[in-house]
Amino acid sequence: ESYFGKGAPLAGLRALVTSGPTYEAIDPVRFIGNRSSGKQGHAIATALARAGAAVTLVCGPVALPDPAGVKVVRIESAREMLAACESALPADIAVFAAAVADWRVAQEAPQKIKKPAEGGAAPTLSFAENPDILASIAGLKQGRPALVIGFAAETEKVAEHAAAKRARKGCDWILANDVSAGTGTFGGDANTIHLVTENGTEDWPRLTKQQVAERLAARIGDHFGKKTT
Ligand code: CTP
Ligand code: CA
């Protein structure tokens, strides 16, 4: 099929994707992170690139190879992720699949924190709220991507909580991921998704992360196809 044919429904569109965890430094050798594997975000970047989009992937520390045909920007902290996302604009499509730490350590120690002498008190950490990358890009007055998509991992009332999150964050679509016991979870290879849009909720069957990515890319292609024809 030709580059502009069915095989490249997203040709001419630019996409920004976030993936993986963020690491928030405690001191030069320690951090607070999470168990995000990056599998879903990387699969989405791959699927969008295969559909013809020009993709920038902003990702935290992951053990995955860089997807073929994608510009990869590696960062560690949430604040670095926000700055890299802003630098990657303009984009037509933005998909926020990263597991961004909600908080960072308020005061990163400039030197390694030393163990106190025997009997000394354990250190305490205090936290500061991180920027919400999805909400901040979705709320841009100028240069907002036309289609802003977020994720929501929920364990109960999945569609209801996701619809509230969609409104709160100002994004267009939410991929609500049912992470209740027995469904897709961090590190696994499958997800159970409910797609929440302005028109309501679509329940997807349990799919591999690659299938979720391909279905999302096709759904995005339909969306832009409808708007331009
Ligand atoms: N997200 C983000 N920046 C943050 C926190 C979250 O961009 N600082 C994005 C995630 O990538 C995801 C969406 O927001 O696409 C929802 O993340 P989630 O953690 O489910 O939402 P929160 O608002 O942090 O709510 P909570 O953790 O309390 O459920
Ligand atoms: Ca969160």
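Everything quoted here is computed from the prediction, not taken from an experiment. (Residues numbered from 1 in each chain as written. Chains lettered and ligands numbered in written order. Predicted model: local features only at pLDDT ≥ 70, side-chain atom pairs only at ≥ 80, totals over all residues. Heavy atoms only, no water.)

A.B. asks: Quick question: what am I supposed to make of the site of ligand 1 here?
C.D. replies: The environment of ligand 1 is formed by 15 residues, the closest being F96, A98, P131, F151 and K165. The fraction of the free accessible surface of ligand 1 (580 Å²) that becomes covered by protein chains is 75%. Taken atom by atom, the bulk of ligand 1 overlaps the largest pocket. Mapped by element, the contributors of at least two residues to the shell around ligand 1 are α3 (133–138), β9 (147–154) and α4 (158–169). When residues of the shell around ligand 1 are assigned to their parent elements, the largest contribution, four residues, is made by β9. (Near = heavy atom within 4 Å. Areas by Shrake-Rupley, 256 points an atom, 1.4 Å probe, with all protein chains shown as cover. 1 Å grid on protein atoms, 1.4 Å probe; cavity = no way out; pocket = protein on both sides within 12 Å on 5 of 7 lines; lining within 4 Å. Sits in = over half its atoms within 2 Å of the grid points. Helix = DSSP H or I, 4+ residues; strand = E, 2+ residues; numbered from the N terminus.)

A.B. asks: Looking at this model, I keep getting lost on helix α2 (residues 78–88). Mind explaining?
C.D. replies: Because each turn of an α-helix spans 3.6 residues, side chains separated by three or four positions end up pointing in the same direction. The set of residues buried in α2 consists of A78, M81, L82, A84, C85 and A88. Down the axis of α2, the smallest arc covering the buried residues is 165°, so these residues share one side. Along α2, exposed side chains directed more than 90 degrees from the buried face belong to R79 and S87. Contact partners of the buried residues in α2: β1 (14–19), β2 (24–27), β4 (54–59), β5 (71–74), β6 (93–96) and α3. (Buried < 20%, exposed > 50% of the residue type's maximum accessible area, 1.4 Å probe, protein only. Arc of directions from axis to C-beta. Contact = heavy atoms within 4.5 Å.)

A.B. asks: Sorry, what's going on with the UniProt feature "binding site: CTP" (unreviewed entry) in the protein here?
C.D. replies: The UniProt entry lists D102, K112, P131, D132, I133, L134, F151, K165 and K169 under the feature "binding site: CTP" (unreviewed entry), expressed in the numbering used here. Spanning 68 residues, the named residues are also spread out in space, since their farthest C-alpha pair is 38.1 Å apart. Of the annotated positions named here, the largest pocket is lined by D102, P131, D132, I133, L134, F151, K165 and K169. With respect to the helices, strands and loops of the structure, P131 is situated in the loop between β8 (127–129) and α3. (UniProt positions renumbered as here; feature names shortened; annotations may be inferred.)

A.B. asks: What am I meant to see in the side chain of D27 here?
C.D. replies: Tracing the sequence through the fold places D27 in strand β2. For D27, a relative accessible area of 2% corresponds to the buried category. A distance of 2.9 Å separates the side chain of D27 from the backbone nitrogen of V29, its partner in a polar contact. A polar atom in the side chain of D27 sits 2.5 Å from the side chain of R30. (Polar contact = N/O pair within 3.5 Å; in protein donor to acceptor, adjacent residues only side chain to side chain.)

A.B. asks: I tried to follow unusual backbone geometry on my own but got confused; where do I start?
C.D. replies: Residues other than glycine predominantly adopt negative phi, and peptide bonds predominantly adopt the trans conformation. Cis rather than trans, the peptide bond between L89 and P90 has omega equal to 5°. Position of P90 relative to the elements: it lies in the loop between α2 and β6. One non-glycine residue with positive phi stands out, namely K157, at about 40°. When you line up the elements, K157 lands in the loop between β9 and α4.

A.B. asks: I would appreciate a short explanation of the nonpolar core in the present structure.
C.D. replies: Ranked by internal contacts, the top residues of the largest apolar core, which has 35 residues, are L48, V55, V95, L216 and I220. Discounting chain neighbours no more than four positions away, the residues touching L216 are I44, V95, I149, W173, L175 and W204. Judged by nonpolar contacts, the second largest core, of 24 residues, contains I75, I133, I137 and A152. (Core = buried A, V, L, I, M, F, W, Y, C linked by side-chain atoms within 4.5 Å.)

A.B. asks: What am I meant to see in the pattern of salt bridges here?
C.D. replies: Pairs can form between side chains of opposite charge once their charged atoms are near each other. This structure, assessed with the given rule, holds eight salt bridges. Among the salt bridges present, the one from D27 reaches R30, with a minimum N-O distance of 2.5 Å. The partner of R144 in a salt bridge is D172, with the nearest N and O atoms 3.1 Å apart. Taken together, the positions of R144 in the loop between α3 and β9 and D172 in the loop between α4 and β10 (173–178) put the pair 28 residues apart, joining distant regions of the chain. (Salt bridge = Lys/Arg side-chain N within 4 Å of Asp/Glu carboxyl O.)

A.B. asks: Please clarify how the sheet that holds β9 should be interpreted in this entry.
C.D. replies: Two strands in a sheet stick together by hydrogen bonds in their backbones, pointing the same way (parallel) or opposite ways (antiparallel). Ordered by their spatial adjacency, eight strands build an open sheet running β5-β4-β1-β6-β9-β10-β11-β12, and the pairing between neighbours is mixed. Single-partner strands in this sheet number two, and they are β5 and β12 (200–208). Recorded for the sheet is a direction-independent mean angle of 20° between the axes of neighbouring strands. Sheet analysis places β1 next to β4, joined by six bridges and oriented parallel. Considered in β4, the bridge of L16 is made with T56. Most of the contacts of helix α1 (residues 39–50) go to β1, to which it runs at about 165°, and overall it touches β1, β4, β6, β9 and β11 (190–197). (Pairing = 2+ DSSP bridges. Axes fitted to C-alpha atoms, helices over the stretch in contact; angles between N-to-C directions.)

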